[in-house]
Amino acid sequence: MPHTPDEKKRAISRLRRIRGQAEALERAVEAGTDCGALLQQIAALRGATNGLMAEVFEGHLRETFGAAGGPGPQDRDRGDDLDELIRMLRTYLK
């Protein structure tokens, strides 16, 4: 769950774009659009959803395990590990 007002605003913006994409996909199906174009729209919708999931998941990880780059060496190492995990997650969700 996004916690700061800025995070909530970004999540709401993403959700509105996703809703618009879903509505456009519905219109395309109703209009009988060919499969290639539908697949492209579905892929874009999936990418937008995965982006939202990655953003919320990143916020959860940072809240649960702490922000990167704390004052001590162990905190920095943990922060580096967390950054690496988030990079891997974002790569997987593309």
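Fair warning: this is a prediction, and the values are worked out from it, not measured in the lab.

Undergrad: I tried to follow helix α2 (residues 35-65) on my own but got confused; where do I start?
TA: For an α-helix the count is 3.6 residues per turn, leaving residues at separations of three or four pointing the same way. Compared with the 45 Å implied by 1.5 Å per residue over 31 residues, the 44 Å span of α2 between its first and last C-alpha is a close match. Buried within α2 are the following residues: Leu38, Leu45, Ala48, Asn50, Gly51, Leu52, Ala54, Glu55, Glu58 and Leu61. Of the residues flanking the start of α2, the one acting as N-cap is Asp34, its side-chain oxygen 3.2 Å from the backbone nitrogen of Gly36. The first or second residue beyond α2 is Gly66, which carries a positive phi of 95°.

Undergrad: Explain the side chain of Glu55 to me, please; I cannot follow it from the model alone.
TA: In this structure, Glu55 sits in helix α2. Not counting residues up to four positions away in its chain, the partners in contact with Glu55 are Arg10, Ala11, Arg14 and Arg90.

Undergrad: What is the right way to look at the layout of surface pockets in this model?
TA: If you roll a probe as big as a water molecule over the atoms, it shows you where there is empty space left. Space inside the largest pocket adds up to approximately 200 Å³. Residue lining of the largest pocket: 13 residues in total, with Glu7, Arg10, Glu55, Glu58 and Gly59 positioned closest to the centre. Mapped by element, the contributors of at least two residues to the lining of the largest pocket are α1 (5-31) and α2. The leading source of residues in the lining of the largest pocket is α2, at six residues. Looking at side-chain class alone, the lining of the largest pocket contains three nonpolar, three polar and seven charged residues.

Undergrad: Would you take a moment to explain α1 for this structure?
TA: With 27 residues, α1 should cover 39 Å at 1.5 Å per step; its first-to-last C-alpha distance of 39 Å lies within 8% of that length. Turning to α1, its buried residues number three or more, namely Ala11, Ile18, Leu25 and Ala28. Considering only its buried residues, α1 is in contact with α2. Directly beyond the C-terminal end of α1, a positive phi value near 80° is found at Gly32.

Undergrad: Please explain the environment of Val56 as it appears in this structure.
TA: With respect to the helices and strands, the residue Val56 is situated in helix α2. Taking the relative accessible area as the measure of exposure, Val56 reaches 30% and is therefore partly exposed.

Undergrad: Would you take a moment to explain the pattern of salt bridges for this structure?
TA: Two side chains with opposite charge may pair up if their charged atoms get near one another. Summed over the entire model, instances satisfying the criterion amount to seven salt bridges. A salt bridge links Arg87 to Glu84; the nearest nitrogen and oxygen atoms lie 2.9 Å apart. Separated by three residues within a single helix, Arg87 and Glu84 lie in helix α3 (residues 73-93), roughly one turn from each other. Judged by its relative accessible area of 36%, Glu84 is partly exposed. Shared partners join several salt bridges into a network, and the residues in it are Asp6, Arg10, Arg14 and Glu55.

The rules behind each value
- Residues numbered from 1 in each chain as written.
- Predicted model: local features only at pLDDT ≥ 70, side-chain atom pairs only at ≥ 80, totals over all residues.
- Heavy atoms only, no water.
- Helix = DSSP H or I, 4+ residues; strand = E, 2+ residues; numbered from the N terminus.
- Expected span 1.5 Å × (residues − 1).
- Buried < 20%, exposed > 50% of the residue type's maximum accessible area, 1.4 Å probe, protein only.
- Polar contact = N/O pair within 3.5 Å; in protein donor to acceptor, adjacent residues only side chain to side chain.
- Contact = heavy atoms within 4.5 Å.
- 1 Å grid on protein atoms, 1.4 Å probe; cavity = no way out; pocket = protein on both sides within 12 Å on 5 of 7 lines; lining within 4 Å.
- Points joined across faces, edges and corners; volume = space filled by probe spheres on them.
- Nonpolar A, V, L, I, M, F, W, Y, C, P; charged D, E, K, R; others polar.
- Salt bridge = Lys/Arg side-chain N within 4 Å of Asp/Glu carboxyl O.

Nothing here speaks to function; it is geometry throughout.
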